[in-house]
Amino acid sequence: MLRGEAADAVARLVMPQRAMTSTEVLTVTVDSTGEENTLLVPLTVQAGYPGHFNEAVYLSDMKPYHLPGFERGTYRAFEVEGVSMSPTFGHRDIVVCSYVDRWDLLKPWECYVVVTAENLLLKRIGAVITDRRGSFELHSDNSGYDSYRLPVADLMQLWQVRGYISTSIPARPSTSPHTMERLQEVIELLGHDYHEVRKFLEESARERA
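Chemist: Explain a negative patch on the surface to me, and be specific about the residues and the numbers.
Modeler: The grouping of E188, D193, E196, E203 and E207 at the surface amounts to a negative patch. A per-element tally of the negative patch places helix α5 (residues 194-208) first, with three residues. The topology assignment puts D193 in the loop between α4 (177-189) and α5.

If you want it as structure tokens, here you go:
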């Protein structure tokens, strides 16, 4: 069902006029209990998304989901096209995103779905957006794709990636017991204690987590 002025109307969350927010109206759908759905935007309908993302009829054609860990908040799922963000995300993976209201408070170098009047882009954004007359840089994880700048005026919506769903199972780690034995030999030849080095690396990994 859709929430709004009537039983089947649209819920329109009008964005407050604060610094660096979207000027577009955000339309959402809810279930029979009033909880917001997570809508999946598959590749087959993404071409029309920039022009219709605030239209009830367009959104009602999308499948609604309630995903574990994404029960509270405004989320949308997008199917990934291409390999520009490989190896982080692959073609036809699904990224689950939360709506970004304040562009000037985005988290640099996180992954975002960028909605422009022309298309949808899955990229990393290296810095906060503070000037509507300026531009911002988009980065790919695939080294075969160059970074480029996009005018802020072209930005319509911003969604931060919070998780993803994939049918591609990671391959078995390439590190074999023989490789680990050889690594230990090299460390000891360099005059270091292998166990101390390993302990240091494990502690560093926990601090970064």
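Chemist: Please provide a residue-by-residue account of the nonpolar core, values included.
Modeler: Most often, soluble globular proteins have nonpolar side chains that are buried together. Counting 24 residues, the largest nonpolar core has Y49, F78, V95, V113 and W159 as the members making the most contacts within it. Of all the elements in the fold, those that place two or more residues in this core are β2 (26-28), β3 (38-41), α3 (56-60), β6 (94-99), β7 (111-116), β8 (120-125) and β11 (155-165). Once residues within four sequence positions are removed from consideration, Y49 is found in contact with V41, Y58, M62, R76, F78, V115, L120, Q157 and W159. Core analysis: the second largest hydrophobic core is formed by 14 residues, L106, V114, L121 and I129 among them.

Chemist: If you had to explain the pairing of strand β9 (residues 135-139) to someone new, which residues and values would you point to?
Modeler: Consecutive side chains of a regular strand alternate in pointing toward one face of the sheet and then the other. As paired elements, β8 and β9 share two bridges and run antiparallel to each other. For I125, the partnering residue across the bridge sits in β9 and is L138. Bridging between β9 and strand β10 (residues 148-151) involves four bridges; their strand directions are antiparallel. Looking at β10, one finds that F136 is bridged to L150.

Chemist: Break down the state of the cysteines for me, with residues and values.
Modeler: Following the criterion strictly, the structure yields zero disulfides and no others. Of the cysteine sulfurs around C111, a residue in no disulfide, the closest is that of C97, at 9.3 Å. Judged by its relative accessible area of 6%, C111 falls in the buried class.

Chemist: So what about the sheet that holds β3? Which residues, and what values?
Modeler: Spatial strand order, β4-β3-β5-β6-β11-β7-β8-β9-β10: nine strands in an open sheet with mixed pairing. The open sheet has two edge strands with one neighbour each: β4 (64-65) and β10.

Chemist: Quick one: what's the story with the side chain of T116, residue by residue and with numbers?
Modeler: As for its placement among the helices and strands, T116 is situated in strand β7. Of note is the side chain of T116, whose polar atom sits 3.1 Å from the backbone nitrogen of E118. Other than its neighbours up to four places away in sequence, T116 contacts P50, L150, D154 and M156.

Conventions adopted
Residues numbered from 1 in each chain as written. Predicted model: local features only at pLDDT ≥ 70, side-chain atom pairs only at ≥ 80, totals over all residues. Heavy atoms only, no water. Patch = residues over 30% accessible without salt bridge, like charges linked within 9 Å, V, L, I, M, F, W, Y side chains within 5 Å. Areas by Shrake-Rupley, 256 points an atom, 1.4 Å probe, with all protein chains shown as cover. Salt bridge = Lys/Arg side-chain N within 4 Å of Asp/Glu carboxyl O. Lys, Arg positive; Asp, Glu negative; His and termini not counted. Charge placed at Lys NZ, Arg CZ, Asp CG, Glu CD. Helix = DSSP H or I, 4+ residues; strand = E, 2+ residues; numbered from the N terminus. Core = buried A, V, L, I, M, F, W, Y, C linked by side-chain atoms within 4.5 Å. Buried < 20%, exposed > 50% of the residue type's maximum accessible area, 1.4 Å probe, protein only. Contact = heavy atoms within 4.5 Å. Pairing = 2+ DSSP bridges. Disulfide = S-S within 2.5 Å. Polar contact = N/O pair within 3.5 Å; in protein donor to acceptor, adjacent residues only side chain to side chain.

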